[in-house]
Amino acid sequence: MTINYRPSSPGRPGSSRPASPSQHTKVEEDLHNHAGIDYDKVTIKHNPSVAVLYEEALTHEIGTVISSTGALCSYSGKKTGRSPKDKRIVEEELTKKDVWWGPVNTSMTERVFLINRERAIDYLNTHPRLYVFDGFAGWDPKYRKKIRVIASRAYHILFMRNMLIRPTEKELEEFGTPDFTIFNAGEFPANRYTTGMTSTTSVSINFKRHEMVILGTEYAGEMKKGVFTVMHYLMPKAGVLSLHSSANEGPDGDVSLFFGLSGTGKTTLSADPKRRLIGDDEHCWSDTGIFNIEGGCYAKCIDLSPEKEPEIYNAIRFGSVLENVVLNEETREVDYADDFLTENTRCAYPIDYIPNAKIPCIGGHPKNIILLTCDAFGVFPPVSKLTPSQVMYHFISGYTTKVAGTEDGIVEPTPTFSACFGSPFLVLHPQKYATMLAEKISRHAADAWLINTGWVGNSAKNGGKRCPLKYTRAILDAIHNGTLAQGEFETYEVFNLAIPKQVEGVPNDLLHPRKAWQSSADEFDKSLRQVAEMFIDNFKIFKDEASVETCNAGPIL
């Protein structure tokens, strides 16, 4: 079959129609009026199809290829991960009193934001073609936000086409003015001599203008997490709790939420063939239940295999975006074990590429809240039942440990605390999210659990072994079928956690850290005290704004 392309018209590079003002689309007019995009010099491709985005990326972006399974393989340049130290929020009358200012949320003046915005738009106007995608953040129509993404790279638009929720033709016709606009000029650096800039990278959000500007980084994840940051600010103001969590649903409609930092098993444990996936990373809890913020998944690909994660492996096909992977030059097969470019290799794909995904990605009120930790010191129980105050305390703490081999420079167990299991994306004080979570748990009679997928019997440093996955799955099964909540519990010292005396399929001694400990009692006491002191020290930064009940729910020495 022969495909005939219409020639470009004069004055409109790449355009297939005359440059008549009467024929400019509403999107072009909006971009011209509100952002100064010059449509007489720039071709604007609005919500292009997947096939068109493939063609554009392959034609205009150096190094872009198609993998053997049909995924688009793109490269983000020097930056292969997020740049949290370069994130800024504009401080103005709306945000001055609301935002949790500090190391996570660094302020930017309105003037500097406008300087960066103009720099980004000036750069975008130098491109012969720009790509625009209009989509939604949030599956619940009552709370969803209209997001517009403007970028010079087709790969960035395909990425966001996967990660946001794709409108129907009718919804696109009625889209109107977006609630938030992202200007992605990541190929062009920020001016590091501009006041407040610390490098040539800048990711800045202006809630007053409903805009986000990206300079100096082509890593696509900045857009995804930028939208999440926006939702972390807007949703609580609407009485909706935003959450960095995965979620699934059982055959009876019972929903479980999973919180956990990298390495704790959040993705592995929420991917249950007996339950439907609502989402793998970002959710909201409203007055009617849970809804996913995203329309896709952003999975890590390092060491990916069809045996370990078949759903993700099989989702990497036409329409998916592979980032920073290494391929065989001849066969175009991906070597998922190769971390030459980065260990943070990723794939973005629509959530309906997962066979057991629930579409639309909405569920009822959660029945179980599961906080995951990977304790390398061997002193946390495999499972504990939490009180509302303990939920707030451990949610704000966001504890896990990194062990030797997980990162360069890590030679012994290293504690990591990330508030609400997602500190880099929080906008309000963690207590705000924790209080909302505790209120919703109480109102909807949900059970809350702390599951340790880390070491038992001793610390990782001294020969302990990681809790077998089969036992963790048995614990989850007992939570989901309701038997664990009905069982007998005993109180665990120092942390005052409720430990079940018995779980079907799990050795009784394994359930209590002191009973499972395989060296001296003095060593156990020393390790337990060490971890408790770390919790107490970490929580000092939250004490001023945390409630008395939350502060008292921590370890007592």
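Here, residues in each chain are numbered from 1, in the same order as that chain's written sequence. Where totals are concerned, whole chains, interfaces and linings use all residues; where local detail is concerned, this predicted model gives features only for residues with pLDDT of at least 70, and gives and counts side-chain atom pairs only at 80 or more. With hydrogens and water stripped out, all remaining heavy atoms of the structure feed into the side-chain values.

- The protein has the name Phosphoenolpyruvate carboxykinase (ATP) in an unreviewed UniProt entry, where Rhizopus azygosporus is given as its organism.
- UniProt positions are given in the numbering used here, feature names are shortened, and annotations may be inferred rather than shown by experiment. Under the UniProt heading Catalytic activity (unreviewed entry), the entry covering the protein gives this text: "oxaloacetate + ATP = phosphoenolpyruvate + ADP + CO2".

## Some details on the overall build of the protein
- Every helix listed is a DSSP run of H or I at least four residues long, and every strand listed is a run of E at least two residues long, numbered separately from the N terminus. Scanning the protein from N- to C-terminus turns up 14 helices and 29 strands.
- Expressed along its principal axes, the backbone C-alpha trace of the protein runs to roughly 80 × 55 × 45 Å.
- We call a residue buried when its accessible area falls under 20% of the maximum for its residue type, exposed when it is over 50%, and partly exposed in between, using a 1.4 Å probe and counting protein chains only. When each of the 557 residues of the protein is scored for burial, the buried share is 57%.
- Pairs of residues are marked as contacts when any of their non-hydrogen atoms sit within 4.5 Å. Of all intrachain contacts in the protein linking residues separated by at least 6 positions in sequence, the fraction that spans at least 24 positions is 72%.
- When the accessible surface of the protein is summed, it comes to about 23700 Å², and 50% of that surface belongs to carbon and sulfur atoms.
- Neither His nor the chain ends contribute to the count of charged residues, in which Lys and Arg are positive and Asp and Glu negative. A charge is said to be at NZ when it belongs to Lys, at CZ for Arg, at CG for Asp and at CD for Glu. Measuring between centres, the 61 positive side-chain charges of the protein sit 3 Å from its 69 negative side-chain charges. Using the Shrake-Rupley algorithm and a 1.4 Å probe, accessible areas are obtained, with residue cover drawn only from the displayed protein chains.

## Focus on the domain arrangement of the protein
- In this entry, domain limits derive from an automatic or database-based domain assignment. Each domain of the protein was delimited in the assignment, giving domain 1 (50–240 + 287–353) and domain 2 (365–552).
- Both sides together, the interface formed by domain 1 and domain 2 hides about 1600 Å², and carbon and sulfur atoms give 66% of it.
- Think of a salt bridge as a Lys or Arg side-chain nitrogen and an Asp or Glu carboxyl oxygen that are within 4 Å of each other. Summed over the shared surface of domain 1 and domain 2, the result is zero salt bridges.
- Counted as a polar contact is a pair of N or O atoms within 3.5 Å, where, for protein atoms, one must be capable of donating a hydrogen and the other of accepting one, and residues adjacent in sequence contribute only when both atoms are in side chains. For the pair domain 1 and domain 2, the number of links is six residue pairs in polar contact (both at pLDDT 80 or more).
- Those elements giving two or more residues to the side of domain 1 that touches domain 2 turn out to be strand S4 (87–90) and helix H6 (221–237).
- In terms of residue count, the dominant contributor to the side of domain 1 that touches domain 2 is H6 (six residues). Summed over both partners, the accessible area (1.4 Å probe) lost when two parts come together is defined as the buried area.

## Quick notes on the sheet that holds strand S10 (residues 211–215)
- Two strands make a pair as long as DSSP finds a minimum of two bridges between them. Strand order in the open sheet formed by eight strands is S1-S6-S7-S8-S10-S9-S4-S5, with mixed pairing between adjacent strands. Of all the strands in the sheet, the pair left with one neighbour each is strand S1 (43–46) and strand S5 (106–108). Direction aside, the axes of adjacent strands within the sheet are offset by 25° on average.
- Pairing analysis gives five bridges linking strand S7 (residues 145–151) to strand S8 (residues 180–185), with the strands arranged parallel. Directly across from isoleucine 150, in S8, lies its bridge partner phenylalanine 183.
- Throughout, an axis means a line fitted to C-alpha atoms (over the contacting stretch in the case of helices), and angles, computed between N-to-C directions, take values from 0 to 180 degrees. Of the strands in this sheet, S1 and strand S6 (129–137) touch helix H2 (residues 50–60), which is tilted by about 140° from S6.
- Sheet contacts for helix H4 (residues 154–163): S6, S7 and S8; angle to S6, the most-contacted strand, approximately 10°.

## Details of helix H11 (residues 469–480)
- Working rule for helices: expected span equals 1.5 Å times residues minus one. The end-to-end C-alpha separation of H11 is 16 Å, in line with the 16 Å expected for twelve residues at 1.5 Å each.
- Of the residues making up H11, those classed as buried are Tyr471, Thr472, Ala474, Ile475, Leu476, Ala478, Ile479 and His480.
- On its buried side, H11 packs onto strand S13 (255–259), helix H7 (266–270), strand S21 (366–373), strand S22 (383–385) and strand S25 (447–452).

## Quick look at the pairing of strand S19 (residues 346–350)
- For S19, a buried count of five out of five residues is recorded, marking the element as mostly surrounded by other parts of the structure.
- Taken together, the five bridges between strand S17 (residues 296–300) and S19 define a ladder with antiparallel strand orientation. Across the sheet, the residue bridging to alanine 299 is cysteine 347, located in S19.

## As for helix H1 (residues 26–35)
- Residues of H1 that are buried include every one of Val27, Glu28, Asp30, Leu31 and Ala35, and no others. One face of H1 carries all of its buried residues, which in axial projection span an arc of 160°. Facing away from the buried side of H1 by more than 90 degrees, the exposed set consists of Lys26 and Asn33.
- Against S1, helix H3 (110–124), S6, S7 and S8 lie the buried residues of H1.
- One or two positions beyond H1, positive phi appears at glycine 36, with a value near 80°. In this context, the arc is that of the directions from the helix axis out to the C-beta atoms.

## Observations concerning the side chain of serine 305
- Among the secondary structure elements, serine 305 is positioned in the loop between S17 and helix H8 (310–315).
- At 3.1 Å, the side chain of serine 305 forms a polar contact with the backbone nitrogen of lysine 308.
- For serine 305, the contacting residues outside a window of four places in its chain are Pro310 and Tyr313.

## Re the side chain of serine 286
- Relative to the assigned elements, serine 286 resides in the loop between strand S15 (282–285) and strand S16 (290–292).
- By relative accessible area, which is 0% here, serine 286 ends up buried.
- Non-local contacts of serine 286, meaning those with residues more than four positions away in its chain, are made with Asp140, Tyr143, Val240, Phe291, His365 and Lys440.

## Notes on empty space enclosed by the protein
- Here a cavity means grid points, on a 1 Å grid over the protein atoms only, where a 1.4 Å probe fits yet cannot get out; a pocket means an open set of points with protein on both sides within 12 Å along at least five of seven lines; lining residues are those with an atom within 4 Å of a point. Grid points are joined across faces, edges and corners, and a volume is the space filled by probe spheres set on the points. Counting across every chain of the model gives five cavities of 30 Å³ or more.
- In this model, the largest cavity occupies a volume close to 100 Å³.
- Around the largest cavity, the lining is made up of 13 residues, and of these Arg82, Lys87, Glu222, Lys225 and Thr229 lie nearest the centre.
- The set of elements that each furnish at least two residues to the lining of the largest cavity consists of strand S9 (202–206) and H6.
- Broken down by element, the lining of the largest cavity gets its largest block of residues, four residues, from H6.
- Under the convention adopted here, Pro, Cys and the residues Ala, Val, Leu, Ile, Met, Phe, Trp and Tyr are nonpolar, Asp, Glu, Lys and Arg are charged, and Gly plus all remaining residues are polar. In the lining of the largest cavity, the residues fall into six nonpolar, three polar and four charged.

## Thoughts on the packing of aromatic side chains
- Aromatic pairs are defined between Phe, Tyr and Trp rings, using the six-membered ring for Trp, whenever the two ring centres lie within 6.5 Å; interplanar angles under 30 degrees are classed as stacked, those over 60 as edge-to-face, and all others as tilted. In total, this model carries 26 aromatic pairs according to the counting rule given.
- Judged by centre distance (5.7 Å) and plane angle (40°), the rings of phenylalanine 136 and phenylalanine 175 are tilted. Highlighted residues: phenylalanine 136 in strand S6 and phenylalanine 175 in the loop between helix H5 (169–173) and S8, separated in sequence by 39 residues. Taken individually, phenylalanine 136 and phenylalanine 175 each receive the classification buried, so the pair is uniform in this respect.
- Two thresholds decide whether a charge sits over a ring: the Lys NZ or Arg CZ must be within 6 Å of the ring centre and within 35 degrees of the ring normal. Directly above the ring of phenylalanine 136 sits arginine 144, whose terminal nitrogen or CZ lies 3.8 Å from the centroid.
- Residue placement shows lysine 146 over the ring face of phenylalanine 175; its charged tip is 5.8 Å from the ring centre.

## Re the packing of helix H9 (residues 388–397) against helix H13 (residues 521–539)
- Running from amino to carboxyl end, H9 crosses H13 at an angle of 80°, the nearest separation of the two axes being 10 Å. If you check the angle between H9 and H13, you find them roughly perpendicular. Together, Tyr393, His394, Ile396 and Ser397 of H9 and Phe535, Ile536, Asn538 and Phe539 of H13 make up the contact between the two elements.
- Within the contact of H9 with H13, the residues separate by chemical class into five nonpolar, three polar and no charged. Note that the term roughly parallel is reserved for angles under 35 degrees, roughly antiparallel for angles over 145, roughly perpendicular for angles of 65 to 115, and oblique for everything else.

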